[in-house]
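Residue-level structure breakdown
Spelled out, the chains give:
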Amino acid sequence: MEPITIQLKEESGFERRREPVQLGIPFPPGELASASGLTLVAPDNYQVPFFQAAPLAKWPDGSIRWLKLNFLSDLSPNQTSDFELRQAAYDQQLPPTVLRSELLSDEWLISTGKACFRVPRAGLKWFFSPPSGGELPHEICLTDAENRLCSAKHQQEWQVVESGPACITLST
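An account of the accompanying structure is given in this report. (Residues numbered from 1 in each chain as written. Predicted model: local features only at pLDDT ≥ 70, side-chain atom pairs only at ≥ 80, totals over all residues. Heavy atoms only, no water.)

1. A short note on the sheet that holds strand β11 (residues 136-139)
Formally: Pairing between strands requires that DSSP locate at least two bridges from one strand to the other. The helix and strand labels rest on DSSP assignments: H or I over at least four residues marks a helix, E over at least two residues marks a strand, and numbering proceeds from the N terminus. Angular values range over 0 to 180 degrees, each being the angle between N-to-C directions of two axes fitted as lines to C-alpha atoms, with helices fitted over their stretch in contact.
Strand order across the open sheet formed by 5 strands is β7-β8-β9-β10-β11, with antiparallel pairing between neighbours. In this open sheet, the two strands that pair with only one neighbour each are β7 (100-103) and β11. Within this sheet the neighbouring strands show an average axis-to-axis angle of 20°, counted without direction. Sheet topology places strand β10 (residues 125-129) next to β11; 4 bridges connect them, and they run antiparallel. Residue pairing in the sheet places Phe 128 in a bridge with Leu 136 of β11.

Put into structure tokens, the structure is as follows:
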């Protein structure tokens with residue numbers, strides 16, 4: 001695989017620190033057999049530590065058709081940065097992450113190291129605990145075209161479908 005340049009541009013004039021980035025990259029048949037052995041290199045030539053790569057779709061030959069990347073990035077206001085996805089020169093050891101998920105009896109506990117989220121396994125709500133303390137409830141509310149509240153049935157429990165150093169994904 002030839003190195004792939006990923007350009008990020010901060011256009012809102014805000015400082016971005018450890019900003020989550022998620023994107024997909026298509027590959028032709030046979031070009032990428034596995035997501036392991038990939039590395040993401042930042043503009044100053046350092047290896048991005050909190051980086052995840054996972055196949056989204058595969059070709060009939062088993063090679064990766066679409067690759068999903070998750071990583072954290074720092075950008076200054078109005079800055080443009082070029083990252084490079086490439087094959088790692090050696091087997092890399094990922095740094096420890098503070099991002100954790102834990103299944104309790106009836107809920108998921110997600111910790112980012114600075115904040116916590118409680119997600120009941122059944123239902124369309126979650127609870128956010130900021131570093132300042134307290135707990136803020138959140139719930140998904142659906143409305144129709146006339147802004148009338150609709151009800152939604154949660155038919156399956158939430159499960160962690162992806163977990164790594166850059167993100168945790170829950171799905172039903």
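2. Observations regarding the nonpolar core
How we decide: Buried residues of nine kinds, namely Ala, Val, Leu, Ile, Met, Phe, Trp, Tyr and Cys, make up a nonpolar core once their side-chain atoms join them within 4.5 Å. Throughout, exposure labels follow a simple rule: accessible area from a 1.4 Å probe, protein chains only, divided by the maximum for the residue type, with under 20% read as buried, over 50% as exposed, and the rest as partly exposed. Every residue pair with non-hydrogen atoms within 4.5 Å of one another is taken to be in contact.
Ile 6, Leu 40, Leu 67, Phe 71, Phe 83 and Leu 85 are the most contacted members of the largest nonpolar core, which totals 19 residues. Elements supplying a minimum of two residues to this core: β1 (4-9), β2 (16-26), β3 (38-41), β5 (64-75) and β6 (80-87). Broken down by element, the residue count for this core peaks at 5 residues, all from β5. Those residues in contact with Ile 6 that lie beyond four places of it in its chain are Leu 23, Ile 25, Leu 40, Leu 69, Ser 81, Asp 82, Phe 83 and Leu 85.

3. Overview of unusual backbone geometry
Despite not being glycine, Arg 18 has its phi angle at roughly 55°, a positive value. Position of Arg 18 among the secondary structure elements: in strand β2. Residue classification places Arg 18 among the partly exposed residues on the basis of a relative accessible area of 47%. Here the phi dihedral of Asn 78 falls at roughly 65°; this positive angle occurs in a residue that is not glycine. Counting through the fold element by element, Asn 78 comes out in the loop between β5 and β6. By relative accessible area, which is 53% here, Asn 78 ends up exposed.

4. Focus on the sheet that holds β2
Sheets are built from strands paired through backbone hydrogen bonds, the pairs being either parallel or antiparallel. Read from one edge to the other, the open sheet built from 3 strands follows the order β2-β5-β4, with strand pairing classed as antiparallel. A single partner strand is all that each edge strand has here, and the edge strands are β2 and β4 (51-58). Adjacent strand axes in the sheet meet at a mean angle of 20° when their direction is disregarded. Note that β2 and β5 share 9 bridges and pair antiparallel.

All we've got here are geometric facts, nothing functional implied.
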